[in-house]
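As a plain string of letters, each chain reads:
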Amino acid sequence: MEFRYKVLVIDDQHDHREQMLHILAREGFDTVGAVSGHEGVEKAQTTHSDIIIMDIAMSEMDGVETCMQIRALQDSKHPIIVFLSSRNEDYSQIAALEAGGDDYVTRPIKPRVFVSRLKALIRRSQLWQKVSIENGNGHAPSTILNKERYSVLHNGTEYELPRKEFGLLSLLMSKPGKVFTRESILNAVWDEEDLISDRTIDVHIRRLRTKLGKERIKTLKGIGYKYCLTIAE
C-alpha cells in the first residue's frame with residue numbers, strides 16, 4: 001500500500017472488536033475502535049476513516065441505522081463500509097446493502113481471506129475513481145456523474161452513492177443503450193471473493209431507480225439491464 005488506510009471498527013462485542021483491530025493493525029492499517037453505533041457515527045466524522053467495518057446486530061443502535069447515519073453526513077468522506085455479522089439470512093444482507101453498505105461478510109472469518117477481500121474492495125474503489133465517462137462526466141444532460149465525489153447529479157439534485165452503486169451506474173452509463181448481462185455486471189462491479197445473493201444486483205438497481213427514475217434503467221427480462229438516454233429507449 002502506498003499509504004496507511006484508516007479503518008474504523010464498530011462493534012459492541014469487545015472480543016470481536018479487539019480481534020478485528022488486531023488483525024488489521026498487523027496488516028499495516030491504521031485502526032480505531034468504537035463500542036457502539038452512536039460512537040461509531042461520531043468517530044466516522046472525526047477520524048475521516050477510509051474503511052468502516054461494523055457489526056449489524058448492536059444493542060444500542062444497530063448497524064443498519066449506524067450506516068444510514070454515516071452515509072447521511074454531508075461533511076464526511078465516502079468510506080468503504082463492510083458489514084461483519086454472524087447473521088446470514090437474506091433480509092439482513094439486503095437491509096445492509098440498502099442502507100449503503102459495500103459488502104456483507106458472515107462470521108466465522110478466516111483473517112487472511114478477510115484481509116484479501118478488503119484489499120479487493122480497495123482496488124475496486126480505486127478502479128472506479130479512474131472511470132472515464134464519455135462526453136465529459138456523463139451522457140444525458142440531466143444526469144452527470146462525479147467520480148471524485150462518488151455522486152450523481154440528476155435534474156439538479158445530487159445523490160451520494162455507495163461504491164458498488166456508483167460502479168454499477170458508471171458501467172451502465174459508459175455505453176448507453178448497450179445491454180449488460182447480469183454476469184457481465186457481476187464480473188465488472190463485484191470481485192470473485194464477494195459472496196452475493198441473486199438479489200444483490202436487483203437491490204442496487206432498485207436503489208438507483210429511486211434516484212434517477214424507473215425510465216433511466218431498463219430491465220430486459222432474463223438478460224440484463226441498460227441505461228437509457230431517452231424514455232423512448
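For the structure itself, consult the block above.
Report follows, based on the coordinates. (Residues numbered from 1 in each chain as written. Predicted model: local features only at pLDDT ≥ 70, side-chain atom pairs only at ≥ 80, totals over all residues. Heavy atoms only, no water.)

### Side note on the sheet that holds strand S11 (residues 224–227)
The following threshold applies: Whether two strands pair comes down to DSSP finding at least two bridges between them. A run of DSSP states H or I qualifies as a helix once it reaches four residues; a run of E qualifies as a strand once it reaches two. Both are numbered from the N-terminal end. In this description, contact between two residues means that some pair of their heavy atoms is separated by no more than 4.5 Å. Only C-alpha atoms enter the line fits that serve as axes; for helices the fit covers just the stretch in contact. Angles between N-to-C directions range over 0 to 180 degrees.
Taken together, the 3 strands give an open sheet; going across it, the order is S9-S11-S10, and neighbouring strands pair in antiparallel fashion. Looking at strand neighbours, the two that pair on one side only are strand S9 (180–181) and strand S10 (217–220), the edges of this open sheet. When S10 meets S11, the two strands line up antiparallel, connected through 4 bridges. The partner of Thr 219 across the bridge, within S11, is Tyr 225. Each of S9, S10 and S11 is contacted by helix H6 (residues 163–174), which is oriented at about 70° to S11, the strand it contacts most. The strands that helix H8 (residues 200–212) touches are S10 and S11; relative to S10, the one it contacts most, it runs at about 145°.

### With respect to the pattern of salt bridges
Pairing is possible between side chains that carry opposite charge, provided their charged atoms lie close to one another. Selection rule: We define a salt bridge as a contact between a side-chain nitrogen of Lys or Arg and a carboxyl oxygen of Asp or Glu at a distance within 4 Å. Partly exposed residues are those whose accessible area sits between 20% and 50% of the maximum for their type, while under 20% is buried and over 50% is exposed, using a 1.4 Å probe and protein chains only.
Here the structure, examined in full by the defined rule, presents 12 salt bridges. A salt bridge links Glu 27 to Lys 119; its shortest N-O distance comes to 3.8 Å. Here Lys 119 lies in helix H5 (residues 111–129) and Glu 27 lies in the loop between helix H1 (14–26) and strand S2 (30–34), a separation of 92 residues in the sequence. Glu 27 gets classed as partly exposed once you look at its relative accessible area, which sits at 32%.

### Here we look at the nonpolar core
How we decide: Nine residue types can take part in a nonpolar core, namely buried Ala, Val, Leu, Ile, Met, Phe, Trp, Tyr and Cys, and a core is a set of them joined through side-chain atoms within 4.5 Å.
The biggest cluster of nonpolar side chains holds 21 residues, and the ones touching the most others in it are Leu 169, Leu 172, Ile 185, Ile 205, Ile 217 and Tyr 225. Mapped onto this core, the elements with two or more residues apiece are H6, helix H7 (182–189), H8 and S11. The dominant element in this core, judged by the number of residues it contributes, is H6, at 6 residues. Setting aside anything within four residues of it in sequence, one finds Leu 169 in contact with Leu 145, Val 152, Leu 161, Leu 208, Leu 212 and Tyr 227.

### Notes on the side chain of Ser 49
We count it as follows: Residues adjacent in sequence count toward polar contacts only when both atoms are side-chain atoms; beyond that, a polar contact is any pair of N or O atoms within 3.5 Å, and within protein one must be able to donate a hydrogen and the other to accept it.
Among the structural elements, Ser 49 can be located in the loop between helix H2 (37–47) and strand S3 (51–54). Of the residues examined, Ser 49 reaches a relative accessible area of 3% and is grouped as buried. A polar contact is formed between the side chain of Ser 49 and the side chain of Thr 47, at a distance of 2.7 Å.

### Describing the environment of Ala 188
Residue placement: Ala 188 occurs in helix H7. The class for Ala 188 is partly exposed, based on a relative accessible area of 23%. For Ala 188 and Arg 124, which are 64 residues apart along the polypeptide, the C-alpha to C-alpha distance reads 9.3 Å.

### Description of unusual backbone geometry
Omega for the bond connecting Arg 107 with Pro 108 falls within 30 degrees of zero, at 0°, which places this linkage in the cis form. Turning to its location among the elements, Pro 108 is positioned in the loop between strand S5 (103–106) and H5.

### What about H6?
Defined as follows: Expected span of a helix: the number of residues minus one, times 1.5 Å.
In this model H6 runs 16 Å from its N-terminal to its C-terminal C-alpha over 12 residues, within 8% of the 16 Å that 1.5 Å per residue would give. Of all 12 residues making up H6, 11 are buried, and the element is well covered by its neighbours. The set of residues buried in H6 consists of Arg 163, Lys 164, Glu 165, Phe 166, Gly 167, Leu 168, Leu 169, Ser 170, Leu 171, Leu 172 and Met 173.

### Focus on the sheet that holds strand S7 (residues 151–154)
Taken together, 3 strands build an open sheet; the order of strands is S6-S7-S8 and the sheet is antiparallel. On the outer flanks of this sheet lie strand S6 (143–146) and strand S8 (157–160), each paired with one strand and no other. Adjacent strand axes in the sheet meet at a mean angle of 20°, parallel and antiparallel pairs treated alike. Relative to the sheet, H8 contacts S6, S7 and S8, its axis offset from that of S7 by approximately 40°.

### Quick look at the packing of aromatic side chains
Here a ring pair, both rings aromatic, is described through the centre-centre distance and the interplanar angle of the planes. Selection criterion: Centres within 6.5 Å make a pair out of two Phe, Tyr or Trp rings, where for Trp the six-membered ring is used; the pair is then stacked when the planes are under 30 degrees apart, edge-to-face when over 60, and tilted otherwise. By definition here, charges over rings are those cases where NZ of Lys or CZ of Arg is within 6 Å of the ring centre and within 35 degrees of the ring normal.
Summed over the entire model, instances satisfying the criterion amount to 2 aromatic pairs. On the numbers, 4.9 Å between centres and 45° between planes, the contact of Tyr 150 with Phe 166 is tilted. You can see Tyr 150 sitting in the loop between S6 and S7 and its partner Phe 166 sitting in helix H6, a full 16 residues away along the chain. Across the pair, Phe 166 and Tyr 150 agree in class, each one buried. Its end group placed over the ring of Phe 180, Lys 178 keeps NZ or CZ at 5.2 Å from the ring centre.

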